[in-house]
Amino acid sequence: MNNETVLFNVKNYELLALSQELCNLFESMDDVLQDESLRNFFAELSALGEKMQSTLSKDKFVSNLSEADQKRDEEWRRTRKVVQGFAANALPDIAQHGAALLSIVERAGAQIAYKNTLEESGELRALKTQFEQPEMQEHISALPGMQETLDALFSAEDAFFQESLEATKKRTEQKQQMTATELKKQQIALLNTKILPYLRVMSDVKPDVFAVFSRVVQKSVSKANISASQRRKKSAKKGDESEANSAQAAENESEQTAQENKAE
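Residues numbered from 1 in each chain as written. Predicted model: local features only at pLDDT ≥ 70, side-chain atom pairs only at ≥ 80, totals over all residues. Heavy atoms only, no water.

## Observations concerning the overall build of the protein chain
Within the protein chain, the regular secondary structure consists of 10 helices and 0 strands. Starting at the N terminus and walking to the C terminus, you meet the elements of the protein chain as α-α-α-α-α-α-α-α-α-α. In the protein chain, buried positions account for 34% of the 264 residues. Intrachain contacts of the protein chain at a sequence separation of at least 6 include 78% that bridge at least 24 residues. Put simply, the protein chain shows about 16000 Å² of open surface, and 50% of that area lies on carbon and sulfur atoms. (Helix = DSSP H or I, 4+ residues; strand = E, 2+ residues; numbered from the N terminus. Buried < 20%, exposed > 50% of the residue type's maximum accessible area, 1.4 Å probe, protein only. Contact = heavy atoms within 4.5 Å. Areas by Shrake-Rupley, 256 points an atom, 1.4 Å probe, with all protein chains shown as cover.)

Written as structure tokens, this is what we have:
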């Protein structure tokens, strides 16, 4: 078993995949499962991996909230167009019912235009309450498809409201959790200073039990390091090129200054 350790510039998702792979491998090896020290190490690695997974999933609920907000906006625009169409209808009865809805919709629209996404929920919920009044139900029922249009709007609002509650809950939970960077440091330290050194020693002490497991673990570490190593080389190359360009620029400036002094 070689002495390769996990490079710190592995990406978070690469480290998470490595940790999960090693934990699954450990659980599948009956012989090494009997080692108490390794059980403790891998229990800690698994717990850190779960925390990392939770931290990295934050983008998902932000994306869900954004999608729900976009859907709600689409339904709101569609509702306004439908109501405006009824209000402009050539049939007086239809136009009268449409106009009754339009005055309320336009008033809500004027408020929504200056609200943030959560305040918009308050306006739409107030609008829903207004439309549930008996006198408004009479206008709505007289307009073909109007109730279905409103149902789609308020359904989209309900979906957004639920996503906003979930997002708030997730943000509160994450404020109490360690950052991905902190978790990454702990995972790499656990692997490089405890698990890998322990496996090297035990491979020599009990090769019949640990040798195969150790080789597979090291192979997984090496595989995870490939991308990190390539990124390190690219970064170093860019640094060398930048330094060479700066030196060349300084040399050119020096030559130009010398020529100007000569001309004077």
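## Digging into the side chain of Thr 149
Take Thr 149: it is sitting in helix α8 (residues 146–175). A distance of 3.0 Å separates a polar side-chain atom of Thr 149 from the backbone oxygen of Gly 145. Not counting the four nearest positions on each side in its chain, Thr 149 is found in contact with Arg 78, Thr 79 and Val 82. (Polar contact = N/O pair within 3.5 Å; in protein donor to acceptor, adjacent residues only side chain to side chain.)

## Points about the packing of aromatic side chains
All told, the structure shown has 4 aromatic pairs when counted by the stated rule. With a centroid separation of 4.4 Å and 5 degrees between ring planes, the pair formed by Phe 26 and Phe 42 is classed as stacked. Placement of the pair is Phe 26 in helix α1 (residues 12–28) and Phe 42 in helix α3 (residues 36–56), with a sequence separation of 16 residues. Pair check on accessibility: Phe 26 and Phe 42 agree, each one buried. Put simply, the rings of Phe 26, Phe 42 and Phe 213 touch in pairs and so form one group of aromatic residues. Taking NZ or CZ as reference, Arg 72 lies 3.8 Å from the ring centre of Phe 160, over its face. (Phe/Tyr/Trp six-rings, centres within 6.5 Å; stacked < 30°, edge-to-face > 60°. Lys NZ or Arg CZ within 6 Å of the ring centre and 35° of its normal.)

## Quick word on the confidence of the model for the protein chain
In this model, the protein chain carries a mean pLDDT of 84, and residues with pLDDT of at least 70 account for 82%. Within the protein chain, helix α10 (residues 207–263) has the poorest average pLDDT of any element, 67, and helix α7 (residues 134–141) the best, 95. Note that residues 246–251 has pLDDT below 50 and, in this model, 0 contacts with residues that lie over four places away or in other chains. In this model, residues 256–264 is a region of pLDDT below 50 whose contacts with residues beyond four sequence positions or in other chains number 0 contacts. (pLDDT = per-residue confidence, 0-100.)

## Quick word on the pattern of salt bridges
For the structure on display, the rule yields 10 salt bridges. Close ionic contact of Arg 78 with Glu 75 constitutes a salt bridge, the shortest N to O distance being 3.2 Å. One end of the pair is Arg 78 and the other is Glu 75, both in helix α4 (residues 58–87) and 3 residues apart, which spans about a single turn. Classification of Glu 75 by relative accessible area gives buried; the value is 9%. Salt bridges sharing partners connect three or more residues here, namely Asp 69, Arg 72, Glu 120, Arg 125, Glu 157 and Asp 158. (Salt bridge = Lys/Arg side-chain N within 4 Å of Asp/Glu carboxyl O.)

## With respect to helix α5 (residues 92–112)
Spanning 21 residues, α5 covers 29 Å between terminal C-alpha atoms, matching the ideal 30 Å at 1.5 Å per step. Burial in α5 covers these residues: Ile 94, Ala 95, His 97, Gly 98, Ala 100, Leu 101, Ile 104, Val 105, Ala 108, Gly 109 and Ile 112. (Expected span 1.5 Å × (residues − 1).)

## What to know about helix α9 (residues 180–205)
The end-to-end C-alpha separation of α9 is 36 Å, in line with the 38 Å expected for 26 residues at 1.5 Å each. Roughly 35 degrees is the biggest bend found in α9, and it falls at Leu 191. (Bend = angle between axes of the 7 residues up to and from the residue.)

## What to know about the packing of α1 against α3
Helices that pack against each other are described as a pair by the angle of their axes relative to one another and the distance between those axes. Closest axis-to-axis distance for the α1/α3 pair is 9 Å, and the angle between their directions is 145 degrees. With respect to the hand of their crossing, α1 and α3 are arranged in left-handed fashion. Between α1, through Asn 12, Tyr 13, Leu 16, Ser 19, Gln 20, Leu 22, Cys 23 and Phe 26, and α3, the contact on the second element is made entirely by Leu 38, Arg 39, Phe 42, Leu 45, Ser 46, Gly 49, Met 52, Gln 53 and Leu 56. Across the contact of α1 with α3, the residue classes break down as 10 nonpolar, 6 polar and 1 charged. (Axes fitted to C-alpha atoms, helices over the stretch in contact; angles between N-to-C directions. Left-handed = near helix turned anticlockwise from the far one by under 90°. Nonpolar A, V, L, I, M, F, W, Y, C, P; charged D, E, K, R; others polar.)

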